[in-house]
Amino acid sequence: MPQLPRIGLAGFFLEANRLAPVTTGAHFEQSCDKAGAELLAELRAPAPRLLPDSQGFVATMGASGDWEPVALRMALAYPGGPVDHVWWTRFLADIEHRLAEAGPLDGVFISSHGAALTTEEDDPDGVLFERIRALVGPNVPVVAVFDLHTNVSRRMTDALSAFVAYRTNPHVDLRERGAEAAVLMRRMLVEGPGVVVLEKLPFLPASTDQLIAPGSPYASLLEEAAAWADARVLNISLCGGFPLADCAKCGFSVVVTASRGARDAAQAAATGMARRVWDTRNAFLTALTPMDTAVAMTVGAGADPADLLSRPPRLILADVGDNPGGGGGGNTTALLGALLKAGADKVLVGVFTDPRLAAEAHKEGVGARFMAHFNAGGPPEAFADPLDHEARVLALSDGTFVGRKGLVQGSTQSMGPSALLSLGGVQVIVISQRQQLLDPAQLDIFGIDLAQSTDSIRTLVVKSRGHFRAAFSDFAPAHRLIEVDGPGLTTPVLSRLSLQRVPRPAFPLDADARWPHG
């Protein structure tokens with residue numbers, strides 16, 4: 001009887017913002033850090049804590065034939081600062097030990113973000129892939145799935161047999177990309193490992209410039225990339241990158257996976273698509289809305305009675321400078337304070353990270369009135385100014401939810417002890433475990449149904465950069481999704497940041513950037 005293919009399953013998922021506080025092992029445990037039998041059980045759970053790319057890979061491998069999953073270790077943490085290097089070295093050693101103990105493998109699947117940092121190493125993803133390759137040897141397929149915002153190095157691509165990045169932003173195709181990785185794995189188990197080619201560009205698109213929507217430059221380029229696919233060119237990934245990591249591998253990356261022996265075809269596709277990206281770079285640039293303008297729009301929403309008769313004047317304000325999904329603290333008060341000062345009404349702010357305030361609300365209980373002290377106590381954090389306001393507790397929750405849309409669809413997540421507070425005309429959801437608002441299930445647990453809340457909520461304020469679009473696009477029309485220019489660790493205005501390690505010159509920071517170089 002032929003031996004079943006034995007496929008190792010590994011993962012390391014962190015988007016690291018150089019300016020944010022250090023990510024620790026506790027942050028990985030809080031999100032998900034599983035190994036061996038516990039990892040296998042998590043993968044088989046109906047609503048696992050892992051991301052859907054792993055679910056898609058496992059499901060498609062099972063649907064396409066018999067195989068033996070060898071669960072190594074998968075650790076993921078919410079976007080934050082560089083991971084503690086001591087924790088990282090222990091994680092790496094554990095992966096190496098588990099690989100050695102597993103015996104010969106026929107392939108390895110890796111779930112990765114691709115924009116990690118440690119406190120001492122700027123390319124931990126490349127180090128991990130390199131170590132895995134060294135242990136399994138040159139003839140074993142190593143296939144990885146990446147976030148669209150991965151910062152790609154040649155150390156990473158040289159160690160891989162196939163490279164698959166998300167094609168959507170907001171990211172709603174993780175399961176599909178995991179399934180694609182499984183299809184490539186099956187093919188390479190027969191044909192042998194493929195080749196991966198990287199072309200880097202001196203181009204640093206900000207997070208708000210990387211939206212993929214009908215008619216956007218990014219969407220058009222992805223359509224062009226799909227046209228390159230043939231019997232040899234198996235995947236073209238266009239990765240905008242994550243400039244806030246501030247490291248040498250930042251920059252737009254075109255990564256091509258081709259079948260074994262087709263390196264020339266892969267290079268031709270990579271060069272051709274890189275040229276198209278470079279020629280389109282000016283079309284990526286977008287502008288933010290000044291905060292005072294956004295506040296005025298909020299106050300004016302519904303001011304004209306005729307508007308209420310024709311269409312609810314709904315509005316979404318994205319506080320993009322304080323996006324926890326990019327390492328932001330989720331606790332800046334500039335926009336909240338401005339709305340309160342202006343007397344804004346029928347506003348819901350979600351979600352504001354403040355464990356102390358959430359705990360106090362739980363202690364007070366539903367219906368209680370108290371003075372809410374935002375960002376009180378503890379060490380001061382950048383941009384997290386204090387704010388005091390009388391509040392009433394409307395609802396309480398343990399913060400556990402199962403994602404319904406987009407990035408975390410089908411997975412179990414937790415915001416920790418959470419509370420819905422009323423500050424007069426503005427309601428605020430206060431949570432304990434830092435994260436962005438990206439799924440309607442985060443509102444469901446408080447009994448909030450935006451579709452039925454026309455009279456009570458006209459403006460939704462989100463601590464998010466873009467993933468809210470997949471969850472709440474039906475709340476307000478596209479022209480009323482406003483990206484607000486506010487303070488925070490994730491400002492898309494790169495010229496305001498003291499970036500020290502990104503390659504320079506680079507567009508748009510440097511108008512004289514050239515590609516090819518020279």
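Residues numbered from 1 in each chain as written. Predicted model: local features only at pLDDT ≥ 70, side-chain atom pairs only at ≥ 80, totals over all residues. Heavy atoms only, no water.

1. Here's the deal with helix 7 (residues 174–191)
Applied cut-off: Runs of H or I in DSSP of at least four residues are treated as helices and runs of E of at least two as strands, each being numbered from the N terminus. One fewer than the residue count of a helix, multiplied by 1.5 Å, yields its expected span. Burial status follows relative accessibility: with a 1.4 Å probe on protein chains alone, a residue under 20% of its type maximum counts as buried, one over 50% as exposed, and anything between as partly exposed.
With 18 residues, helix 7 should reach 26 Å at 1.5 Å per residue; the first-to-last C-alpha distance of 25 Å fits that figure. Listing the buried residues of helix 7 in full gives Leu174, Arg177, Gly178, Glu180, Ala181, Ala182, Leu184, Met185, Arg186 and Met188. Remark: Gly192 follows helix 7 within two positions and exhibits a positive phi of approximately 100 degrees.

2. Notes on the packing of aromatic side chains
Selection criterion: By convention, a stacked pair of Phe, Tyr or Trp rings (six-membered ring in the case of Trp) has centres within 6.5 Å and planes under 30 degrees apart, an edge-to-face pair has planes over 60 apart, and any other such pair is tilted.
The tally for this structure, following the rule as stated, stands at 17 aromatic pairs. Aromatic pair Phe12 and Phe91: ring centres 5.5 Å apart, planes at 35 degrees, arrangement tilted. Here Phe12 is found in strand 1 (residues 6–13), whereas its partner Phe91 is found in helix 4 (residues 85–102), with 79 residues between them in sequence. Across the pair, Phe91 and Phe12 agree in class, each one buried. Between Phe203 and Phe284, the ring centres sit 5.3 Å apart and the planes meet at 85 degrees, which makes this aromatic pair edge-to-face.

3. Considerations on the pattern of salt bridges
Quick note on the threshold: Any Lys or Arg side-chain nitrogen located within 4 Å of an Asp or Glu carboxyl oxygen qualifies as a salt bridge.
The tally for this structure, following the rule as stated, stands at 22 salt bridges. Two residues, Lys463 and Asp319, come together in a salt bridge whose shortest N-O distance is 3.0 Å. Residue Lys463 is located in the loop between strand 19 (459–462) and helix 15 (468–472), and its partner Asp319 is located in the loop between strand 11 (315–318) and helix 12 (334–341); the two are separated by 144 residues in the primary sequence. Of the residues examined, Lys463 reaches a relative accessible area of 4% and is grouped as buried. Three or more residues joined by partner-sharing salt bridges are found here, namely Asp33, Arg73, Asp94 and Arg98.

4. Thoughts on unusual backbone geometry
A cis amide bond links Phe507 with the next residue in sequence, Pro508, at an omega value of 5 degrees. Note on placement: Pro508 falls in the segment after strand 20 (481–485). Between Trp515 and Pro516 the backbone carries a cis peptide bond, its omega angle lying at -10 degrees. For Pro516, the location among the structural elements is in the segment after strand 20. Even without a glycine there, the phi angle at Asp246 is positive, about 50 degrees. Exposure remark for Asp246: the relative accessible area of 6% places this residue in the buried category. Positioned with a positive phi, Lys346 is a non-glycine residue whose angle comes to about 55 degrees. Within the fold, Lys346 resides in the loop between helix 12 and strand 12 (347–353).

5. Side note on the sheet that holds strand 17 (residues 418–422)
Where strands meet in a sheet, backbone hydrogen bonds hold them as pairs that are either parallel or antiparallel. So the rule is basically this: At least two DSSP bridges between two strands are required for those strands to pair. Contact between two residues is taken to exist if any of their heavy atoms lie within 4.5 Å; hydrogens are not considered. Lines fitted to C-alpha atoms define the axes here, with helix axes fitted over just the stretch in contact, and angles between the N-to-C directions of these axes take values from 0 to 180 degrees.
An order of 10-20-11-19-12-18-17-14-13 is seen for the nine strands of this open sheet, with the pairing classed as mixed. Where the open sheet ends on each side, the last strands, each with one partner, are strand 10 (289–290) and strand 13 (369–374). In terms of strand pairing, strand 12 meets strand 18 (residues 426–431) through five bridges, oriented parallel. From the neighbouring strand, Val347 faces strand 18, where its bridge partner is Val426. Packing of helix 12 onto the sheet brings it into contact with strand 11, strand 12, strand 13, strand 14 (387–397), strand 18 and strand 19, and relative to strand 14 it is tilted by some 100 degrees.

6. So, the nonpolar core
To keep things clear, this is the line we draw: What we call a nonpolar core is a set of buried Ala, Val, Leu, Ile, Met, Phe, Trp, Tyr and Cys residues that are connected through their side-chain atoms within 4.5 Å.
Formed by 89 residues in total, the largest nonpolar core has its most connected members in Phe57, Leu238, Val254 and Phe472. The greatest single-element share of this core, amounting to eight residues, is contributed by helix 9 (residues 263–279). Beyond its immediate chain neighbours, meaning those up to four positions away, Phe472 contacts Ile316, Leu437, Asp439, Pro440, Leu443, Leu450 and Leu460.

7. Here's the deal with the environment of Leu92
Take Leu92: it is sitting in helix 4. Using a relative accessible area of 5% as the deciding quantity, one classes Leu92 as buried. Taking C-alpha positions, Leu92 is 9.6 Å from Ile132, a pair spaced 40 residues apart along the chain. Beyond its immediate chain neighbours, meaning those up to four positions away, Leu92 contacts Val127, Leu128 and Arg131.

8. A closer look at the confidence of the model for the chain
Note the cut-off: pLDDT is a residue-level measure of predictor confidence that goes from 0 to 100.
With 97% of its residues at a pLDDT of 70 or more, the chain has an overall mean of 95. Here residues 306–310 is modelled with pLDDT under 50, and outside its nearest four sequence neighbours on either side it reaches four contacts, counting other chains as well.

9. With respect to helix 8 (residues 217–227)
Stated precisely, the cut-off is as follows: Taken from the helix axis, the directions to the C-beta atoms give the arc we talk about.
Along helix 8, the residues that are buried comprise Tyr218, Ala219, Leu221, Leu222 and Ala225. Taken down its axis, helix 8 places every buried residue within 160 degrees of arc, on the same side. Set apart from the buried face of helix 8 by more than 90 degrees, the exposed residues are Glu223 and Ala227. Check the buried side of helix 8 and you find it contacts strand 8 (233–239) and helix 9.

10. Some remarks on the pairing of strand 7 (residues 195–200)
In terms of burial, strand 7 is largely enclosed, as six of its six residues are buried. Pairing of strand 7 with strand 9 (residues 253–258) involves six bridges; the strand directions are antiparallel. Looking across to strand 9, one finds that Val196 is bridged to Thr257.

11. Re the sheet that holds strand 8
Strand order across the open sheet formed by three strands is 7-9-8, with antiparallel pairing between neighbours. The strands lining the two open edges of the sheet, one partner per strand, are strand 7 and strand 8. Taken over all neighbouring pairs, the strand axes of this sheet differ in orientation by 15 degrees on average, direction set aside. Sitting on the sheet, helix 9 is in contact with strand 7, strand 8 and strand 9, with an inclination near 25 degrees to strand 7.

12. Regarding the side chain of Thr490
Within the secondary structure layout, Thr490 lies in the segment after strand 20. Its relative accessible area of 4% is what places Thr490 among the buried residues. Excluding anything up to four places from it in sequence, Thr490 contacts Asn17, Leu244, Val320, Gly321, Asp322, Asn323, Gly326, Gly327 and Gly328.

13. Some words on the pairing of strand 6 (residues 162–165)
On any regular strand, side chains alternate: one points to one face of the sheet, the next to the other face. Of the two faces of strand 6, the one carrying Ala162 and Val164 and the one carrying Phe163 and Ala165 are both buried. The pairing of strand 5 (residues 142–146) with strand 6 spans four bridges and is parallel. Bridge pairing in strand 6 links Phe146 to Ala165.

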